[in-house]
Amino acid sequence: MGTRIKNLQVTKVVDGDTIKVLLNDKREFLRLDCVDTEEILNHDSKPRTNAGIAAAEMAQQYFTNEHGFLTKIDIEFDDNEPVEVCLEKYRDHHGRLICCVHKYGENFNLKLIKEGWSPYFIKYGNSRLYHQEMMEAEADAQSHNRIIWNRQTNESSAFRNYTILMPWWSLRASIVDDFRRYGQPNGVLSVRLDYPQILLAAMQQQKITIFCDLQEGITKWIGNSAIIHTGTKDHSLKLWIPEATDEKYAPLVYLINKRYTGLGRGYVYVTGQVTMYRDKPEITLTSLQQLSDFCPIFQSTSSTNSQTFIYNKTQT
């Protein structure tokens, strides 16, 4: 069981996988963990679908009691750390809390998968608590052709292409699993999970290795310099490539664009000296050797594994 906060009042149902609750006298958005119901509005690359509209209507009914009032729920984080730690760590890039929701003992996240409202969404890693149950629930929904797995549901609307998305999510989940297995025990820091330690290292201008997501790619150009923002709204790290159009540094841009952005690997280990720039931590990228698909600390401490973990020009 993960850390739980009980008896929170739902104040709004936004859609099938997002609600608002009253927590510590503040209205907080909850983004339900490991689920991704379809959209009620066109949003970025996600289209508005019949399944998304139906999921939002179902959620509204689910969290409304027989008297027409919104219910109270329990929330559960994907680990058993202290509440104050969970409230800091388990947030998405919009600042929403990432958690499971329980109502009267029922796991709503699991219900969404089992009934076919959502796939088992592992783009940001497998569930530590409910991986087996969610895998089985997804298989059950698929085998019975429920909601999103039934072509007729979205026959008169747009649809999401899970044939493309699910293998990509699986790749990302496997990378996160490797980080949990090798990176975390060897002192690699996560932008989302270890931000206070990253800030401290930046103030001391230390050399560190960070696990971060480059899916969005280069977010800004200032002259010939490329800037990449990674992390969340409140936990932001900047990667800076000086003179990125120069022949010396251009391979860094090519590698990031071709290997990590969009439907690429996304996650990467970045090693370098971290400093503070305008109250945000920053690492300057000047070498391909600063980027790695595998934990560089694990490589240096393992004498039995002969595989090359650091990126090099011959790696495919």
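First things first, this report covers the structure right here in the doc. It should be emphasised that the depicted structure is a prediction, and the values quoted were computed from it without experimental measurement.

### As for the overall build of the chain
Counting its regular elements, the chain contains eight helices and 14 strands. Taking 316 residues into account, the globule formula puts the C-alpha radius of gyration at 20 Å, and the chain, at 21 Å, falls close to it. Seen through its principal axes, the chain has C-alpha atoms that stretch 65 × 45 × 45 Å. Residue burial in the chain is summarised as follows: out of 316 residues, 52% are buried. Within the chain, contacts between residues at least 6 apart in sequence are counted, and of these 63% link residues at least 24 apart. Split by element, the accessible area of the chain, about 16000 Å² in all, is 49% carbon and sulfur. For the chain, the distance from the average position of its 36 positive side-chain charges to the average position of its 38 negative side-chain charges is 3 Å.

### Quick word on the packing of aromatic side chains
For the coordinates displayed, the defined rule picks out 11 aromatic pairs. With 4.3 Å between their ring centres and 5° between their planes, Phe179 and Phe211 make a pair best called stacked. Taken as a pair, Phe179 in helix 5 (residues 162-183) and Phe211 in strand 8 (residues 207-213) lie far apart in primary sequence, 32 residues in all. Looking at Phe179, the relative accessible area reads 4%, which means it is buried.

### Section: the side chain of Thr230
Looking at where Thr230 falls in the secondary structure, it is placed in strand 10 (residues 225-231). At 2.8 Å, the side chain of Thr230 and the backbone oxygen of Asp213 are in polar contact.

### Observations concerning the side chain of Thr271
Counting through the fold element by element, Thr271 comes out in strand 12 (residues 267-277). Since its relative accessible area comes to 16%, Thr271 is described here as buried. Of note is the side chain of Thr271, whose polar atom sits 2.8 Å from the side chain of Thr209. Other than its neighbours up to four places away in sequence, Thr271 contacts Lys207, Ile208, Thr209, Gln290 and Pro296.

Conventions and cut-offs
Residues numbered from 1 in each chain as written. Predicted model: local features only at pLDDT ≥ 70, side-chain atom pairs only at ≥ 80, totals over all residues. Heavy atoms only, no water. Helix = DSSP H or I, 4+ residues; strand = E, 2+ residues; numbered from the N terminus. Rg over C-alpha atoms; globule rule 2.2 N^0.38 Å. Buried < 20%, exposed > 50% of the residue type's maximum accessible area, 1.4 Å probe, protein only. Contact = heavy atoms within 4.5 Å. Areas by Shrake-Rupley, 256 points an atom, 1.4 Å probe, with all protein chains shown as cover. Lys, Arg positive; Asp, Glu negative; His and termini not counted. Charge placed at Lys NZ, Arg CZ, Asp CG, Glu CD. Phe/Tyr/Trp six-rings, centres within 6.5 Å; stacked < 30°, edge-to-face > 60°. Polar contact = N/O pair within 3.5 Å; in protein donor to acceptor, adjacent residues only side chain to side chain.

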